[in-house]
Amino acid sequence: MGTNGSTMLKPLRQGLPPLDPAAVSSAASCALPARYEAVREARRFTRGTLDQWDVGDRFDDICLVVSELVTNALRHALPGDGGVDPSAAVRLHLMRWTERLVCAVRDPSHETPVAHAAEDHVAESGRGLFLVESFSDGWGWYPLAGTLSGKVVWALFRLPGV
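The following paragraphs examine the structure supplied in this document. All values reported here derive from a predicted model rather than from experimental measurement.

Hydrogen bonds between backbone atoms are what pair the strands of a sheet, whose relative direction is either parallel or antiparallel. With respect to topology, five strands assemble into an open sheet ordered β2-β3-β4-β7-β6, the strand pairing being antiparallel. Single-partner strands in this sheet number two, and they are β2 (26-32) and β6 (139-143). The sheet shows a mean angle of 15 degrees between the axes of neighbouring strands, direction not considered. Contacting β2, β3 (90-96) and β4 (100-107), helix α1 (residues 38-52) runs over the sheet at an angle of about 165 degrees to β2.

What follows is the structure in structure tokens.
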């Protein structure tokens, strides 16, 4: 996999930044059906969850990024033959710390997420991750191990201080 100058951002293959799991003040997750209508369900779930959490002016940014992450997960994780494997679940996780929020989307694909620059109009896909990078304070991904296969793509948001 090569790069062609500034038209492609280097994919981040890293885990989440150090955040103490014990310090999570709120967490919510939902399983999403393996169909494109799941993006609407993910937005509804995210809005309902964020309405209960104080995320200040990051509300719209978080909703946009969740939509992009779920869309990418469905686009790249669903089988091309139309058959749906029940293990091909996409799951959305929202985790809130005092001054941070992480949204993470798990999917069964092993493909490396690659972001293309916004000027790369000929790219068939990848602009969604450019939006994720633009509207979040950091993003990355990591492969799953153990009994779960696939990967998790996450985005981090800094929240206004309480």
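Time to look at the pattern of salt bridges. One pass over the structure, following the stated rule, counts six salt bridges. Measuring nitrogen to oxygen at the nearest pair gives 3.2 Å for the salt bridge that ties arginine 58 to aspartate 61. One salt bridge connects aspartate 137 with arginine 158, and the closest N-O pair in it is separated by 3.7 Å. With aspartate 137 in the loop between α3 (127-135) and β6 and arginine 158 in strand β7 (residues 151-158), the pair connects residues that are 21 residues apart, well separated along the chain. The partly exposed category is assigned to arginine 158, whose relative accessible area is 44%.

Let's shift gears to the side chain of threonine 49. For threonine 49, the position within the fold is in helix α1. Residue classification places threonine 49 among the buried residues on the basis of a relative accessible area of 8%. When residues no more than four places from it in sequence are discounted, the contact partners of threonine 49 are Ala28 and Leu94.

Reading the values: the criteria
Residues numbered from 1 in each chain as written. Predicted model: local features only at pLDDT ≥ 70, side-chain atom pairs only at ≥ 80, totals over all residues. Heavy atoms only, no water. Pairing = 2+ DSSP bridges. Helix = DSSP H or I, 4+ residues; strand = E, 2+ residues; numbered from the N terminus. Axes fitted to C-alpha atoms, helices over the stretch in contact; angles between N-to-C directions. Contact = heavy atoms within 4.5 Å. Salt bridge = Lys/Arg side-chain N within 4 Å of Asp/Glu carboxyl O. Buried < 20%, exposed > 50% of the residue type's maximum accessible area, 1.4 Å probe, protein only.

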